[in-house]
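# Chains, contacts and geometry: an overview
One letter stands for each residue in the lines below.
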Amino acid sequence: MLVHKYMMKVVSNIVSAVASFLSLMVMTRYVGLEYGSMMWGWAFVAMFNAVVGLGFETAHIRFIASGRNQDKCFSTYLVIRVSLTSLMVLLTIASLAMGVYNGTIESGLAALVLIFIAYYAIWDIQGALTATFDGRLESGKSSIVSMVDAITRSVILISLALMQVSATVLSSAYVIGIIASASTALLLTRNLKVRLVRPTMFREYLSFAAPLIISSLFLTVLDFVDKVIIGLSGSTLEVGYYTAAMGVAYVFISLGGSLNNVILPQLSKPETVRTPSKMEGLIWMSQKYLMMFLFPVMVVMMVFGEEIGGVLFGAGYSKAGIMLSILSVTMTLRVLSGTLTQVLYASNRAALYTKATIVYAAVVSIMFVLLIPNTGILPWDGLLGIGAAISLSTGYVVLTTVLLYYVRRATGIRPYKNIWKHLLALAVTAALLVLIDRLFETSGLLEVAGVSMLGLGVYLLSLVVLRELQRSDVSFFMEAINPKHIRDSLGDELR
């Protein structure tokens, strides 16, 4: 059942990714400058929206999954979400007013910020419903909501980009998309059987979220402050390069995020918490199959990032491909570190996760200052998007290492026992792709697709030779993607 819940998320992410890819490819070709401006406005608001998460969503999913009173949980979380969203709006408008007053934010960018304030306000309230779906292991519902948002937004973005509209008009697609998805979320609550009651669980939510507040704030701010700094230090076009590359990486990062929302309720069940070996087995299985998927993607992006960028974004956005090569490391480690984080959450050791993120935030913040803006102090500063990509990749190497240590110390769960086989397969694949890159010139969609499939084939063949990929794994995959079983699982949720 768990794998089918995850596959619903995977299908949702694939559909959303295809829609987002199509809109991204059109925008970078027809409205490249406007796309960069729009993404700056999006990142500016998202940076302040960090105050909305603060670990309360994780608390909500865990409480719902552990069998706490659903009405009290939802009512409490909804009040928390609305309150924090109101705080986000006030902080963003205050900062925007200061920026306009001192001349650092132009009127055109200010209009974009106001549009994205509306977008995030709706998105935040919708999050109370989708988190409830995930806590109830109704992944099909939350998947439908995210697909409606992505598809609606992408169709409108493509239409507007072909018309070559301004960034302000272009960004209206985000508001229309989130209104459509929020409406869908409300429709899917008809069989939720949840009633609004007097919210009485603030103490419990705060107690669980308290260790996560700092880490959640740091991580969310760092996810978006890089784009804001790039825009203020360079240009909105450079923001476009970096955001386009990050958009590709986030497609794969979202797969890990989807797994986290499925695996946390499973880890939080009392029978799992009481059986460390069962928890370790679940984590090992997750890491094994995530590496099978992510490692070949990572190595192809590292070697042929510039060529992939040219195919996806057009010649005018080729610089995004260089950033994509660097961000491939971030993509992989961020997903794998997510599984380790869920172990600490489920084991009530969230404070250790906070310590790990403080180390990560310190490393990344220092590197942002040293590598992104052109301060004239250091010979290698002023790298803008490339500097931001290097900073994030280095930070996630540090974060993953620290999390591995804390998980082992707190729970006794070790890294996946056969990880060395995946690393060896990764090295073999990388060596072959680098050789191909040296001997042949790779360009165009068919050639890039060809080397990508070759990389995947070599990686999987290496695992077969090392007896890490066996017939039982193939059977597991076939069972996981069985349309009938996925449909039946979705049908159970919607009844």
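Everything here concerns the structure above.
Here goes a summary of the coordinates provided.

The rules behind these values
- Residues numbered from 1 in each chain as written.
- Predicted model: local features only at pLDDT ≥ 70, side-chain atom pairs only at ≥ 80, totals over all residues.
- Heavy atoms only, no water.
- Helix = DSSP H or I, 4+ residues; strand = E, 2+ residues; numbered from the N terminus.
- Buried < 20%, exposed > 50% of the residue type's maximum accessible area, 1.4 Å probe, protein only.
- Contact = heavy atoms within 4.5 Å.
- 1 Å grid on protein atoms, 1.4 Å probe; cavity = no way out; pocket = protein on both sides within 12 Å on 5 of 7 lines; lining within 4 Å.
- Points joined across faces, edges and corners; volume = space filled by probe spheres on them.
- Salt bridge = Lys/Arg side-chain N within 4 Å of Asp/Glu carboxyl O.
- Phe/Tyr/Trp six-rings, centres within 6.5 Å; stacked < 30°, edge-to-face > 60°.
- Patch = residues over 30% accessible without salt bridge, like charges linked within 9 Å, V, L, I, M, F, W, Y side chains within 5 Å.
- Areas by Shrake-Rupley, 256 points an atom, 1.4 Å probe, with all protein chains shown as cover.
- Polar contact = N/O pair within 3.5 Å; in protein donor to acceptor, adjacent residues only side chain to side chain.
- Expected span 1.5 Å × (residues − 1).
- Core = buried A, V, L, I, M, F, W, Y, C linked by side-chain atoms within 4.5 Å.
- Axes fitted to C-alpha atoms, helices over the stretch in contact; angles between N-to-C directions.
- Parallel < 35°, antiparallel > 145°, perpendicular 65-115°, else oblique.
- Left-handed = near helix turned anticlockwise from the far one by under 90°.
- Nonpolar A, V, L, I, M, F, W, Y, C, P; charged D, E, K, R; others polar.
- Bend = angle between axes of the 7 residues up to and from the residue.

Here we come to the overall build of the chain. A count of helices and strands for the chain gives 19 helices and zero strands. Counting the 495 residues in the chain, one finds 55% classified as buried. At a minimum sequence separation of 6, the contacts of the chain that also span at least 24 residues come to 84%.

With that settled, consider unusual backbone geometry. We note that glutamine 164 has phi near 55°; this positive angle belongs to a residue other than glycine. As for its placement among the helices and strands, glutamine 164 is situated in the loop between helix 7 (139-162) and helix 8 (167-187). Residue glutamine 164 is classed as exposed on the basis of its relative accessible area of 52%. Phi angles above zero are rare outside glycine, and leucine 384 is one such case at about 55°. When you line up the elements, leucine 384 lands in the loop between helix 14 (350-371) and helix 15 (385-411). For leucine 384, a relative accessible area of 16% corresponds to the buried category.

For the rest of this paragraph, the subject is the layout of surface pockets. Estimates place the volume of the second largest pocket at around 280 Å³. As for the second largest pocket, its lining consists of 18 residues, of which Phe295, Leu333, Leu336, Thr400 and Ile419 are closest to the centre. For the lining of the second largest pocket, the elements supplying multiple residues, two or more each, are helix 12 (276-313), helix 13 (319-346), helix 15 and helix 16 (419-439).

If you walk through the whole model with that rule in mind, you get seven salt bridges. Across the pair arginine 68 and glutamate 204 runs a salt bridge, and its minimum N-O distance is 3.8 Å. Note that arginine 68 is positioned in the loop between helix 4 (56-65) and helix 5 (70-102) and glutamate 204 in helix 9 (residues 202-233), a separation of 136 residues in sequence. Aspartate 71 is paired through a salt bridge with arginine 195; the nearest N and O atoms lie 3.5 Å apart. Of this pair, aspartate 71 sits in helix 5 while arginine 195 is found in the loop between helix 8 and helix 9, placing the two residues 124 residues apart along the sequence. Of the residues examined, aspartate 71 reaches a relative accessible area of 13% and is grouped as buried. For arginine 195, a relative accessible area of 52% corresponds to the exposed category.

Quick look at the packing of aromatic side chains now. Centre-to-centre distance and the angle between the planes together describe a pair of aromatic rings. Taken as a whole and judged by the stated rule, the model has 15 aromatic pairs. Judged by centre distance (5.2 Å) and plane angle (85°), the rings of tryptophan 42 and phenylalanine 224 are edge-to-face. Residue tryptophan 42 is located in helix 2 (residues 32-48), and its partner phenylalanine 224 is located in helix 9; the two are separated by 182 residues in the primary sequence. Classification of tryptophan 42 as buried rests on a relative accessible area of 16%. Note on phenylalanine 63 and tyrosine 205: the rings are 5.0 Å apart at their centroids and 85° apart in plane angle, and the pair reads as edge-to-face.

On the surface, a cluster of nonpolar side chains totalling about 430 Å² of accessible area is made up of Ile419, Trp420, Leu423, Leu424 and Val428. Topologically, leucine 424 is positioned in helix 16. Judged by its relative accessible area of 38%, leucine 424 is partly exposed.

Looking at the secondary structure, you find serine 391 in helix 15. Using a relative accessible area of 0% as the deciding quantity, one classes serine 391 as buried. Within the structure, the side chain of serine 391 is placed 3.5 Å from the backbone oxygen of methionine 367, a separation counted as a polar contact. Those residues within four positions of serine 391 in sequence are excluded, and the remaining contacts are Val364, Met367, Phe368 and Leu371.

Glancing now at helix 2. Helix length check: helix 2, at 17 residues, gives a terminal C-alpha distance of 25 Å against a target of 24 Å (1.5 Å per residue), a fit within 8%. Most of helix 2 sits out of view: 15 of its 17 residues are buried.

Residues Met38, Leu170, Tyr205 and Tyr242 are the most contacted members of the largest nonpolar core, which totals 145 residues. Counting residues per element, this core draws most heavily on helix 12, which supplies 20 residues. The contacts of leucine 170, once residues within four sequence positions are left out, are Met27, Val31, Met38, Leu157, Leu160, Ala161 and Val165.

Below, the discussion takes up the environment of tryptophan 123. Note on placement: tryptophan 123 falls in helix 6 (residues 107-135). Since its relative accessible area comes to 34%, tryptophan 123 is described here as partly exposed. C-alpha separation for the pair tryptophan 123 and threonine 85, spaced 38 residues apart in sequence, amounts to 9.6 Å. With near-sequence residues (within four places) excluded, tryptophan 123 lies in contact with Asn49, Arg81 and Ile178.

Time to look at the packing of helix 2 against helix 8. It is at 9 Å that the axes of helix 2 and helix 8 come closest, and there the two elements cross at 60°. Judged by the inter-axis angle, helix 2 sits oblique to helix 8. Considering the relative orientation of helix 2 and helix 8, their crossing is right-handed. Contacts from Glu34, Ser37, Met38 and Met39 of helix 2 reach helix 8 at Ala167, Leu170, Ser171 and Tyr174. Its residues placed into classes, the contact of helix 2 with helix 8 shows five nonpolar, two polar and one charged.

So, on to the packing of helix 2 against helix 5. Where helix 2 meets helix 5, the closest approach of the two axes is 8 Å, and the angle between their N-to-C directions is 130°. As far as their axial angle goes, helix 5 and helix 2 are oblique. Between helix 2 and helix 5 lies a crossing whose hand is right-handed. Counting all contacts with helix 2, which are made through Phe44, Val45 and Phe48, the residues of helix 5 involved are Met88, Leu91, Thr92, Ser95 and Leu96. Taken together, the residues of the contact of helix 2 with helix 5 break down into six nonpolar, two polar and no charged.

Before going further, it helps to spend a moment on helix 13. The end-to-end C-alpha distance of helix 13 is 41 Å, a good match for the 40 Å that 28 residues give at a rise of 1.5 Å each. A bend of about 40° at isoleucine 326 is the largest found in helix 13. Most of helix 13 sits inside the fold, with 23 of its 28 residues counted as buried. Asparagine 348, located one to two residues past helix 13, shows a positive phi value of around 60°.

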